[in-house]
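Spelled out, the chains give:
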Amino acid sequence: MDKVKKYIDANKDRFISELFDLLRIPSISAQSEHRPDMTRCAEWLAAALVKAGADHAEVFPTEGNPVVYAEKTVDPKAKTVLVYGHYDVMPVDPRSEWRTEPFEPVIRDGRIWGRGADDDKGQLWMHAKAFEAMCAEECLPCNVKFMLEGEEEIGSPSLYKFCEQNKKMLKADIILVSDTSMISMQTPSITCGLRGLAYMEVEVTGPDKDLHSGLFGGAVANPANVLTRLVAQLVDAEGRVTIPGFYDDVRELTPAERKAFNKAPFSLAAYKKSLSIGDVEGEAGYTTLERTGVRPSLDVNGIWGGYIEEGTKTVIPSKASAKISMRLVPNQDYRKISKLFEKYFKLIAPKSVKVTVKSLHGGMPYVAPTDMPAYKAAEKAVAETFGKKPLPFYSGGSIPIISGFESILGIKSLLIGFGLAEDAIHSPNESCGLEQFYKGVETIPLFYKYFAEQK
């Protein structure tokens, strides 16, 4: 592996320059006006993977955004690793809070700033460059396949069908994913669990048009007022979700499991300071680590209705809407939870308004066993690069397609992420440290080495 490390050191400036070209493509899957950018980004990545050493690469059209597939066969008898990543990024709103141009990446204070610097272009580029280094030095010990999608941020609606239709092509021993984070550079970790997701949109409708708030205020239900009351009823004063049946399938951790889970280094004071908050809030009786890792939650992601532009306009809005996500833990089924949400939301709505509820997307929770060969190989690789054995860690985030891979392809996923909390993914001013990036590129070849050695 010394030759690989020397190759990485000799080419690291080029790696960053190429990453900047990738980051400049505004591949926002949630916004239809960026559809051409999605295709452009997919084609760019396919060409880059061939240049890195893939035998061939192809851009597969889907009903949504294209899937990039590439492969390199070193030996039909060798183990095969399927690398998954996504090239779509989150919208940049609120634009006014960015300190740099979202799609004009820059390096400041030892960090790459720009949308996608971490999630997930920066991390998938680590894999592309690690792959290049191994190919260049002719020491790739496994067959490698890449599957890069452009819809992860909107629930991967097209990838499930793609996997169903291409099971033979996607056959592998493990799916390697870098779309998660570590606890810190000083405390490396490997994600062994993800929460599931149920994402809903609700609309409350009152009068058939906006009304004058002076002439009708106090006599006609205001959808914005009603919506806020309904949303407030979804979580009680103890931080528990009030939907009947919501917790039915949640497994309570044993005292020993809770003790082990809370061994991860965590400073509540530093956590609050980093977020500029006076205190934390959540389900009573659980620590912050438990609330974000092994307990379910419900949050409003956006709420709107009525006049929000400059100045005043005294109206009772005809409609008000909200987007609401629920993070789920093992044994909770997002389809069941979505139905329970819809039933309850309609039940508590007054007769003075009409309510519609849509399920936008969702996915199951996922658990990666820490005793599988791929985990052991990753553990050894991370320990060698970071100088410390990584901790198993349950992430509060969701990657819905990961559980889909297991059910459709029958393959487990290894979640070896190199992001950090300070990277501000999904937020303005997303970034990724240069040290993180290079550590990732150096660790991935070691994973291949140790995974190939596993019996």
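Residues numbered from 1 in each chain as written. Predicted model: local features only at pLDDT ≥ 70, side-chain atom pairs only at ≥ 80, totals over all residues. Heavy atoms only, no water.

### As for the environment of lysine 209
Next, step 1: By secondary structure assignment, the location of lysine 209 is in the loop between strand 9 (196-205) and strand 10 (211-212).
Next, step 2: Note: C-alpha distance between lysine 209 and proline 317 (108 residues apart in sequence) is 7.2 Å.
Next, step 3: Those residues in contact with lysine 209, other than ones at most four positions away along the chain, are Ile316 and Ser318. (Helix = DSSP H or I, 4+ residues; strand = E, 2+ residues; numbered from the N terminus. Contact = heavy atoms within 4.5 Å.)

### Things to note about the environment of valine 4
Next, step 1: Relative to the helices and strands, valine 4 is located in helix 1 (residues 2-23).
Next, step 2: Sequence-wise, valine 4 and leucine 140 are 136 residues apart; in three dimensions their C-alpha atoms are separated by 9.9 Å.
Next, step 3: Dropping the residues within four chain positions of it, valine 4 is found in contact with Ala133, Met134, Glu137, Cys139 and Pro445.

### Considering empty space enclosed by the protein
Next, step 1: All chains considered together, the criterion is met by 2 cavities of 30 Å³ or more.
Next, step 2: Put simply, the largest cavity is a space of about 50 Å³.
Next, step 3: Along its surface, the largest cavity is lined by Arg251, Glu252, Leu253, Arg258, Tyr286, Val294 and Arg295.
Next, step 4: Across the lining of the largest cavity, the residue classes tally to 3 nonpolar, no polar and 4 charged.
Next, step 5: Looking at the second largest cavity, its volume works out to about 30 Å³.
Next, step 6: Residues belonging to the lining of the second largest cavity are distributed by class as follows: 2 nonpolar, 2 polar and 4 charged. (1 Å grid on protein atoms, 1.4 Å probe; cavity = no way out; pocket = protein on both sides within 12 Å on 5 of 7 lines; lining within 4 Å. Points joined across faces, edges and corners; volume = space filled by probe spheres on them. Nonpolar A, V, L, I, M, F, W, Y, C, P; charged D, E, K, R; others polar.)

### Remarks on the nonpolar core
Next, step 1: Core analysis: the biggest nonpolar cluster contains 92 residues, and Tyr84, Met147, Phe405, Leu414, Phe447 and Tyr448 have the highest contact counts within it.
Next, step 2: Of all the elements, helix 13 (residues 434-453) adds the most residues to this core, at 10 residues.
Next, step 3: Excluding residues within four positions of it along the chain, tyrosine 448 makes contact with Val81, Val83, Met134, Leu140, Pro141, Cys142, Val144 and Leu176. (Core = buried A, V, L, I, M, F, W, Y, C linked by side-chain atoms within 4.5 Å. Buried < 20%, exposed > 50% of the residue type's maximum accessible area, 1.4 Å probe, protein only.)

### Describing the layout of surface pockets
Next, step 1: Roughly 550 Å³ of volume is contained in the second largest pocket.
Next, step 2: What lines the second largest pocket is a set of 24 residues, and nearest its centre among them are Leu253, Glu257, Phe261, Val294 and Tyr394.
Next, step 3: Those elements that provide at least two residues to the lining of the second largest pocket are strand 8 (189-194), helix 7 (255-261), helix 9 (288-293) and strand 16 (391-395).
Next, step 4: In terms of residue count, strand 16 provides more of the lining of the second largest pocket than any other element does, 4 residues in total.

### Some thoughts on the UniProt feature "domain: Peptidase M20 dimerisation" (unreviewed entry) in the protein
Next, step 1: Here, the residues flagged by UniProt with the feature "domain: Peptidase M20 dimerisation" (unreviewed entry) are residues 193-351.
Next, step 2: End-to-end, the C-alpha atoms of residues 193-351 are 42 Å apart, and along that stretch the chain is 31% helix and 22% strand. (UniProt positions renumbered as here; feature names shortened; annotations may be inferred.)

### What about the side chain of arginine 115?
Next, step 1: Topologically, arginine 115 is positioned in the loop between strand 5 (111-113) and helix 3 (121-136).
Next, step 2: Under the relative-accessibility criterion, arginine 115 is labelled buried at 1%.
Next, step 3: For arginine 115, the side chain forms a polar contact with the main-chain oxygen of serine 427, separated by 2.8 Å.
Next, step 4: Other than its neighbours up to four places away in sequence, arginine 115 contacts Leu23, Val89, Met90, Pro91, Val92, Trp98, Pro102, Phe103, His426, Ser427, Pro428 and Glu430. (Polar contact = N/O pair within 3.5 Å; in protein donor to acceptor, adjacent residues only side chain to side chain.)

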